[in-house]
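# What the coordinates show
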Amino acid sequence: MDERDEPTEYRQTPYKAPDGATEVLLIRHGASAPARPDRPFPLVDGHGDPELAPEGREQAERVAERLADERLDAIYVTPLRRTSETAAPLARRLGLEPRVERDLREVHLGEWEGGLFRKMVADDDPVAQRMFAEERWDVIPGAEKNEAFAARVEEGLVRLAAAHAGGRIAVFTHGGVIAQALAAATGARPFAFLGADNGSISRLVRLGGLSSLRGFNEVSHLDWSVPAPLT
């Protein structure tokens, strides 16, 4: 048989992002300091702002080791120090100055800020039960409305993707933000992706207003002997 008569073959190929798409690595900050009733977290613009716990600093180093060979165009953090402290080891390795993206700060927990959220969840408070059952943050008194939270997370991601079209960025952010971003990308329930581990890496591909999920809660670089709290 002449080579020209050979049947055409269509092989499976590895995934390739569309031209102009932005790969966004969503990295949850390392474990933060424990909450204590007698020592509430300091507040920044109304948000609890604990520093990293020792295990969180170790997680930050492991994130840096994991991503040290990745090609990154930029590193982003939020105004809350647990994200900048987590990003610091990677930023030093890559020689990149982290930029602050306010819209990707954690959901505001109203009267449960300053560490009280952890206690109410641990105590199985009726309002916490309702929050998880209804998958709404705003059942907490004074908390941010789900719709407002979703809108600002989307606005932040659209802005960053447009600024780095065709590139790859690392965004050090929070568990609630990751849950919201991935739920929006997949059309899932609001809390379907809540519970990303501290120091975990999730991956989105953004093109315009469209998102696709390429990975959730990558933790192969972490020490599993360290338990991760909910927030």
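You'll find the structure just up there.
Residues numbered from 1 in each chain as written. Predicted model: local features only at pLDDT ≥ 70, side-chain atom pairs only at ≥ 80, totals over all residues. Heavy atoms only, no water.

What follows concerns the packing of helix H5 (residues 146–163) against helix H6 (residues 175–186). Packing of H5 against H6 brings their axes to within 10 Å, and their N-to-C directions diverge by 80°. With respect to H6, the element H5 is oriented roughly perpendicular. Together, Phe149, Ala150, Val153 and Leu157 of H5 and Gly176, Val177, Gln180 and Ala181 of H6 make up the contact between the two elements. (Axes fitted to C-alpha atoms, helices over the stretch in contact; angles between N-to-C directions. Helix = DSSP H or I, 4+ residues; strand = E, 2+ residues; numbered from the N terminus. Parallel < 35°, antiparallel > 145°, perpendicular 65-115°, else oblique. Contact = heavy atoms within 4.5 Å.)

A separate point is the nonpolar core. Among the nonpolar cores identified, the biggest contains 31 residues, and Leu26, Trp137, Leu157 and Val171 are the most heavily contacted of them. In terms of residue count, the dominant contributor to this core is H6 (five residues). When neighbours within four sequence positions are excluded, tryptophan 137 is seen to be in contact with Val107, Leu109, Phe117, Met131, Ala143, Glu144, Asn146, Phe149, Gly176, Phe191 and Leu194. (Core = buried A, V, L, I, M, F, W, Y, C linked by side-chain atoms within 4.5 Å. Buried < 20%, exposed > 50% of the residue type's maximum accessible area, 1.4 Å probe, protein only.)

What follows concerns the pattern of salt bridges. Inspection of the entire model under this criterion finds 26 salt bridges. Notably, a salt bridge pairs glutamate 218 with arginine 66, separated by 2.6 Å at the nearest N-O pair. Placement of glutamate 218 in strand S8 (residues 210–218) and of arginine 66 in helix H1 (residues 54–67) is noted, with a sequence separation of 152 residues between them. Lysine 119 is paired through a salt bridge with aspartate 123; the nearest N and O atoms lie 2.6 Å apart. Under the relative-accessibility criterion, lysine 119 is labelled partly exposed at 41%. For aspartate 123, a relative accessible area of 46% translates into the label partly exposed. What emerges from the salt-bridge pattern is a single network uniting Glu23, Arg66, Glu70, Arg168, Arg203 and Glu218. (Salt bridge = Lys/Arg side-chain N within 4 Å of Asp/Glu carboxyl O.)

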